[in-house]
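Notes for the structure review
One letter stands for each residue in the lines below.
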Amino acid sequence: MVNDVVVETHNLVKHFPLKLGFFQALVTKDLPKVHAVDNVSFRIFKREIFGLVGESGCGKTTTGRLLLRLVEPTEGEVLFQGKDITSISLEREMIKLRKNMQIIFQDPYESLNPRMSVFDIVAEPLRIQRVAETEEEIEDRIEEVLEDLDLTPPEEFMDRFPHELSGGQRQRIAIARAFVLRPAFLVADEPVSMLDVSIRSEVLRLLLELIEKVNSSFLYITHDIALARHICNRIAVMYLGKIVEKGSVEDTISKPLHPYTEALIAAVPVPDPTARRISTVLKGEVPSAINPPPGCRFHTRCPQAMEICRRKEPPLIEVADDRQVACHLHGKE
Amino acid sequence: MELLKVRNLKMYYKTLRGDVKAVDDISFEVNKQEALGFAGESGCGKTSAALAILKLLPSNGRIVDGSITLGDQEITKMSDKEIRRKIRWKRISMIFQGAMNALHPTYTVGHQISEAILMHEDVSNDEASERAQRLLELVGMEADKTRRYPHELSGGMKQRVVTAMALSCNPDLLIADEPTTALDVIVQAQVLKVMKELRERLKLSWMLISHDLSIITETCNRLGIMYAGKLQEYGDLAKIYKEPLHPYTQKLLTAFPSITGPTRELSSIPGFPPDLLNPPKGCRFHPRCAEAMEICRNKEPIFQEISNRDHFVSCHLYA
């Protein structure tokens, strides 16, 4: 099993320092910072779809970017195929690695250069990585990936510009750009949240087929735990920069251990008028990540908070095979 | 009891390339104390239908045909001034999509709510701000939040403020356009809960517009499915859910991932929504429909009730 780990993180930490005014900075001792990601560790295995679930501001996007070293970690390390990528100092080597790690961004209206044709957009990674020798080879690779994404006939799309495409088509171009290098690892940051429901499942299907074809490992970042259930093998639930629960997707959703996971699942609207949900909605909102609450970060909103939760931070412990939770309710006994 | 009755409404946008038929011959009612949900993809005309009801059309939009009656008043025949004085806010008010980002940044929310009251009713300043406080309590906020500025409030709070504002002149009908789209799941659940309680407590009628069917099933009891400017299926929500007739509705209902029950393959609809400048001939859904027949390409299906069951559908399969 251990040999099959593609990406591994150890105690990953990212703090963003806050900008202060000149005088404020003079009188402030501890510079305030946003605790975006705090002590996050997980492994993604070969050919696995790993889901990172949480509300906005929980640090899931930052974690995704840390894995690709698009932001530098404050502490901790990221191992990609056994190699620590945070210690690589040469840009040239990083570029070489990026051939095997790609990302699909959330908003296809912002992630595609409006002045580049579809052909140029998809050809750019091939050119930077110098994987194709000739122009014909580049053309073949692009044709193939566009066909895989049902953008047929490919010739018809190659010369178009992003503004001539619909939202669903744009996101497929973004997917094509990420897949044209056949990466071993891929991060997708809410790739379908901007799309209409009827198009969403189509894009997801094509994306999953491509992953199968290329044998990639996949980090899927989403706020939609119901969607995660449908596509992921394992998930980690994040709250205020920390992983609160981690495990196989079926176990985690059918038997959630952490009260926050439970609340997330209860908040999903059910498209069934006969099954009205029990309306125990979590009160309040996510506290600020500048001064996260002491002890368990969730205790301010937790319906089952105890005395100890206010003082002591619960460690992420293994409670069953491939099942981890950070909560005082699930202690040693 | 019918509150709002829309019959054969057509609303077109004039463009240089011809008329965009955003709303094309739709009929529906909103009954007293009922909640109607309008679902459909973006660009299917659901927001345009709502704007037509309030006659809040942009300069190139016009109501071509049809009638909209509120109680016994015909809205399409009213002058702009009459609508502004008698209908908007007082009888029908609307929460626009992204309204929470349209709050004025330099006025307190209390000021903005009482401004709406002062514009429409002859009350004193003190009474208006008193009412603003009561309204905030109604949507589950503390009364002293009236002194806050929008930037001091979170997204969920701002959404509650615009809901309170829409309720400020005691309307009979509230139209909400994608009220929770920009919110997180848990905050969304909080806002939906407040809205559901309000509807029961104030005996309001709702019209909720959303692309998300699960939000509509959580809050409404009637459903209309729009596609390419036309109402494809309409009726009692529980009935449609139990037995969806139109192929488009069937696909939509199974396109959502569910958190309960067995995981199944999510259905997808191939192709793209049509261009409303030149909608497809015959049934507008036929290019994407798996069950399309010869007749669907040529003849437009009639919107009709299926054996008096309060379940309307526009599809040749049931003609």
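Small disclaimer: the values here were computed from a predicted structure and weren't measured.

Reading guide: rules and limits
Residues numbered from 1 in each chain as written. Chains lettered and ligands numbered in written order. Predicted model: local features only at pLDDT ≥ 70, side-chain atom pairs only at ≥ 80, totals over all residues. Heavy atoms only, no water. Salt bridge = Lys/Arg side-chain N within 4 Å of Asp/Glu carboxyl O. Helix = DSSP H or I, 4+ residues; strand = E, 2+ residues; numbered from the N terminus. Buried < 20%, exposed > 50% of the residue type's maximum accessible area, 1.4 Å probe, protein only. Phe/Tyr/Trp six-rings, centres within 6.5 Å; stacked < 30°, edge-to-face > 60°. Lys NZ or Arg CZ within 6 Å of the ring centre and 35° of its normal. pLDDT = per-residue confidence, 0-100. Expected span 1.5 Å × (residues − 1). Patch = residues over 30% accessible without salt bridge, like charges linked within 9 Å, V, L, I, M, F, W, Y side chains within 5 Å. Areas by Shrake-Rupley, 256 points an atom, 1.4 Å probe, with all protein chains shown as cover. Lys, Arg positive; Asp, Glu negative; His and termini not counted. Charge placed at Lys NZ, Arg CZ, Asp CG, Glu CD. Pairing = 2+ DSSP bridges. Axes fitted to C-alpha atoms, helices over the stretch in contact; angles between N-to-C directions. Contact = heavy atoms within 4.5 Å. Buried area = accessible area lost by both parts, 1.4 Å probe. Polar contact = N/O pair within 3.5 Å; in protein donor to acceptor, adjacent residues only side chain to side chain. Core = buried A, V, L, I, M, F, W, Y, C linked by side-chain atoms within 4.5 Å. Parallel < 35°, antiparallel > 145°, perpendicular 65-115°, else oblique. Left-handed = near helix turned anticlockwise from the far one by under 90°. Nonpolar A, V, L, I, M, F, W, Y, C, P; charged D, E, K, R; others polar. 1 Å grid on protein atoms, 1.4 Å probe; cavity = no way out; pocket = protein on both sides within 12 Å on 5 of 7 lines; lining within 4 Å. Points joined across faces, edges and corners; volume = space filled by probe spheres on them.

Further remarks concern the pattern of salt bridges. Tallying each qualifying case throughout the model produces 35 salt bridges over all chains. Between Asp148(A) and Lys213(A) there is a salt bridge; the shortest N-O distance is 2.5 Å. Of this pair, Asp148(A) sits in helix 5 (residues 135–148) while Lys213(A) sits in helix 8 (residues 197–214); the two residues are 65 residues apart in sequence, bridging distant segments of the chain. Residue classification places Asp148(A) among the partly exposed positions, given a relative accessible area of 24%. What makes Lys213(A) partly exposed here is its relative accessible area of 46%. Here Asp24(B) makes a salt bridge to Arg284(B), at a shortest N to O gap of 2.6 Å. Placement of the pair is Asp24(B) in strand 2 (residues 18–31) and Arg284(B) in the loop between helix 9 (247–254) and helix 10 (294–298), with a sequence separation of 260 residues. Per residue, the accessibility class of Asp24(B) equals that of Arg284(B), and both read buried. Connected through salt bridges with shared partners, the residues Glu144(A), Asp148(A), Arg182(A) and Lys213(A) form a single ionic network.

Turning our eyes to something else, we now look at the packing of aromatic side chains. By convention here, two paired aromatic rings are described through the distance between centres and the angle between planes. Counted by the stated rule, this structure contains 13 aromatic pairs over all chains. With a centroid separation of 5.2 Å and an interplanar angle of 65°, the aromatic rings of Tyr260(A) and Phe298(A) are classed as edge-to-face. Here Phe298(A) lies in the loop between helix 11 (259–266) and helix 12 (307–311) and Tyr260(A) lies in helix 11, a separation of 38 residues in the sequence. Residue class for Tyr260(A) comes out buried when judged on its relative accessible area of 0%. Taken together, the ring pairs connect Tyr239(A), Tyr260(A) and Phe298(A) into an aromatic cluster. Sitting over the face of the ring of Phe157(A), Arg160(A) holds its NZ or CZ atom 4.7 Å from the ring centroid. Across the ring face of Tyr12(B), the terminal group of Lys21(B) is positioned such that the distance to the ring centre comes to 6.0 Å.

Turning next to the confidence of the model for chain A. Per-residue confidence for chain A gives a mean pLDDT of 89; residues scoring 70 or more make up 97%. Looking at the elements of chain A, mean pLDDT is at its lowest for helix 1 (residues 22–27) of chain A, recorded as 79, and at its highest for strand 3 (residues 49–53) of chain A, recorded as 96.

With that out of the way, let us pick up helix 6 (residues 185–202) of chain B. Residues and elements named next belong to chain B. With 18 residues, helix 6 ought to run about 26 Å at 1.5 Å a step, and its terminal C-alpha atoms sit 26 Å apart, in line with that. Listed as buried for helix 6 are Val185, Ile186, Val187, Gln188, Ala189, Gln190, Val191, Leu192, Val194, Met195, Leu198 and Arg199. Count one or two residues on from helix 6 and you reach lysine 203, which has phi positive near 50°.

We now examine unusual backbone geometry. A cis amide bond, omega -15°, links Thr152(A) with the succeeding residue Pro153(A). Mapped onto the elements, Pro153(A) comes out in the loop between helix 5 and helix 6 (154–158). In the Ramachandran plot, Gln33(B) falls in the positive-phi region, its phi being about 60° despite a non-glycine side chain. With respect to the element layout, Gln33(B) can be found in the loop between strand 2 and strand 3 (35–39). On the basis of relative accessibility, which here comes to 45%, the residue Gln33(B) falls in the partly exposed class.

With that settled, consider a nonpolar patch on the surface. All names here are of chain A. On the surface, a nonpolar cluster with roughly 540 Å² of combined accessible area is contributed by Phe22, Phe23, Leu26 and Val27. Assignment of secondary structure puts valine 27 in helix 1. With relative accessibility at 70%, the residue valine 27 sits in the exposed group.

Okay, a negative patch on the surface next. Taken together, the side chains of Glu133(A), Glu136(A), Glu137(A), Glu139(A), Asp140(A), Glu147(A) and Glu155(A) present a region of like negative charge at the surface. Here the negative patch gets 5 residues from one element, more than from any other, and that element is helix 5 of chain A.

Okay, the sheet that holds strand 6 (residues 101–104) of chain A next. Residue and element names in this part refer to chain A. Sheet architecture is open: 8 strands sit in the order 6-7-8-3-9-10-12-11, paired in mixed fashion. With partners counted over all chains shown, the strands left at the sheet margins are strand 6 and strand 11 (317–320), one partner each. Each neighbouring strand pair of the sheet contributes to a mean axis angle of 20°, computed without reference to strand direction. By the bridge criterion, 4 bridges tie strand 6 to strand 7 (residues 185–189) in an arrangement that is parallel. The residue of strand 7 that forms the bridge with glutamine 102 is leucine 186.

On to the interface of chain B and chain A. Contacts between the two partners involve 41 residues from chain B, matched on the other side by 41 residues from chain A. Both faces considered, chain B and chain A share a buried interface measuring about 3,700 Å² in area, 60% of it formed by carbon and sulfur atoms. At the junction of chain B with chain A, the criterion picks out 0 salt bridges. Our enumeration of links across chain B and chain A arrives at 6 residue pairs in polar contact (both at pLDDT 80 or more). Elements with a contribution of two residues or more to the side of chain B that touches chain A: helix 5 (155–166), helix 6, helix 7 (213–219) and helix 8 (237–242) of chain B. Among the elements that make up the side of chain B that touches chain A, the one with the highest residue count is helix 6 of chain B (7 residues).

Quick look at the nonpolar core now. Leu4(B), Phe28(B), Phe38(B), Ile92(B) and Ile175(B) are the most contacted members of the largest nonpolar core, which totals 95 residues. Ignoring anything within four residues of it in the chain, the contact list for Phe28(B) reads Leu4(B), Lys5(B), Val6(B), Arg7(B), Leu36(B), Phe38(B), Ile53(B), Met207(B), Leu231(B) and Tyr234(B). Val118(A), Leu146(A), Ile211(A) and Ile225(A) belong to the second largest nonpolar core, which has 74 residues in total.

Our next topic: the packing of helix 3 (residues 109–120) of chain B against helix 5 of chain B. Residue and element names in this part refer to chain B. Packing of helix 3 against helix 5 leaves a shortest axis separation of 9 Å and a crossing angle of 20°. On the basis of the axis angle, helix 3 is roughly parallel to helix 5. Crossing of helix 3 over helix 5 shows right-handed handedness. Along its contact with helix 3, which presents Val109, Gln112, Ile113 and Ala116, the element helix 5 presents Val161, Ala164 and Met165. Split into classes, the residues belonging to the contact of helix 3 with helix 5 amount to 6 nonpolar, 1 polar and no charged.

This brings us to the side chain of Lys242(A). Residue and element names in this part refer to chain A. Its location among the elements puts lysine 242 in strand 10 (residues 242–248). In terms of polar contacts, lysine 242 uses its side chain to reach the side chain of glutamate 313, at 2.7 Å. Apart from residues no more than four positions distant in its own chain, lysine 242 is found in contact with Asp38, Asn39, Val237, Arg297 and Glu313.

As a further point, take the layout of surface pockets. All names here are of chain A. In this structure, the second largest pocket occupies an estimated 550 Å³ of space. Ser41, Ile243, Lys246, Leu316 and Gln324 are the residues nearest the centre of the second largest pocket, which is lined by 31 residues in total. Those elements that place two or more of their residues in the lining of the second largest pocket are strand 1 (5–17), strand 2 (33–45), strand 9 (234–239), strand 10 and strand 12 (323–325). For the lining of the second largest pocket, the leading source of residues is strand 2, giving 7 residues.

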